[in-house]
Amino acid sequence: MNEHQLDELSGDVFALTDLLDYQTGAIVSRTLIDEESATVTLFAVDEGQTISEHTAPHDAIMQVLDGTASVTVGDANHEVTAGESLVFQADEPHALEGQESFKMLLTMVR
C-alpha cells in the first residue's frame, strides 16, 4: 500500500465504512493519514471489545460511522451512535466499549 493511504482513493467516491471490515472478537484499524500535524485512523470494533482507559497527548475527535459505542470521558458516560461525534481533549482519560459492533473515524490533531 502507498505511504499515504488516501492516495489510492483520490478522485473516487467511497464510503468510509467500506474501507474496513469487522473481525469477530477483535478491534481492527487502518491509518489513513499519519502526518506530523495529524493522524486519521479508521477503527472497526466488534461487539464486547474494549479500548481500556488511556490518555493521548493531543486533542482528538471521534466520529461514529456505524453502530453504537459506549464511551467514558473522565467521569461521564456517553452512548455515541452513527452520525454522532465526541471530542477528547489532550490528556483527558477516556475508554470505549462496543455495546454492539461499531466503526469510528478518529482524527488526532497534533
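Report follows, based on the coordinates. (Residues numbered from 1 in each chain as written. Predicted model: local features only at pLDDT ≥ 70, side-chain atom pairs only at ≥ 80, totals over all residues. Heavy atoms only, no water.)

**Notes on the pairing of strand 1 (residues 27–34)**
Threshold: Strands are treated as partners if at least two bridges between them are detected by DSSP. The helix and strand labels rest on DSSP assignments: H or I over at least four residues marks a helix, E over at least two residues marks a strand, and numbering proceeds from the N terminus.
As paired strands, strand 1 and strand 2 (residues 38–45) are joined by seven bridges and run antiparallel to one another. The partner of Ile27 across the bridge, within strand 2, is Val45. The antiparallel hairpin formed by strand 1 and strand 2 contains three residues in its connecting segment.

**Some details on the nonpolar core**
Keep this limit in mind: Here the nonpolar core consists of buried residues drawn from Ala, Val, Leu, Ile, Met, Phe, Trp, Tyr and Cys, with membership extended through side-chain atoms lying within 4.5 Å. Per-residue accessibility, obtained with a 1.4 Å probe over protein chains only, is compared with the maximum for each type, and a residue is labelled buried under 20%, exposed over 50%, and partly exposed between these values. By definition in these notes, contact holds between two residues if any of their heavy atoms fall within 4.5 Å.
Core analysis: the biggest nonpolar cluster contains 17 residues, and Met62, Val71, Phe88 and Phe102 have the highest contact counts within it. Sorting the residues of this core by element identifies strand 2, strand 4 (59–66), strand 5 (68–73), strand 7 (85–88) and strand 9 (102–109) as the ones contributing at least two each. For Val71, the contacting residues outside a window of four places in its chain are Met62, Ala76, Asn77, His78, Val80, Leu86, Phe88, Ala95 and Leu96. Formed by nine residues, the second largest nonpolar core is a distinct cluster that contains Leu9, Leu19, Leu32 and Leu42.

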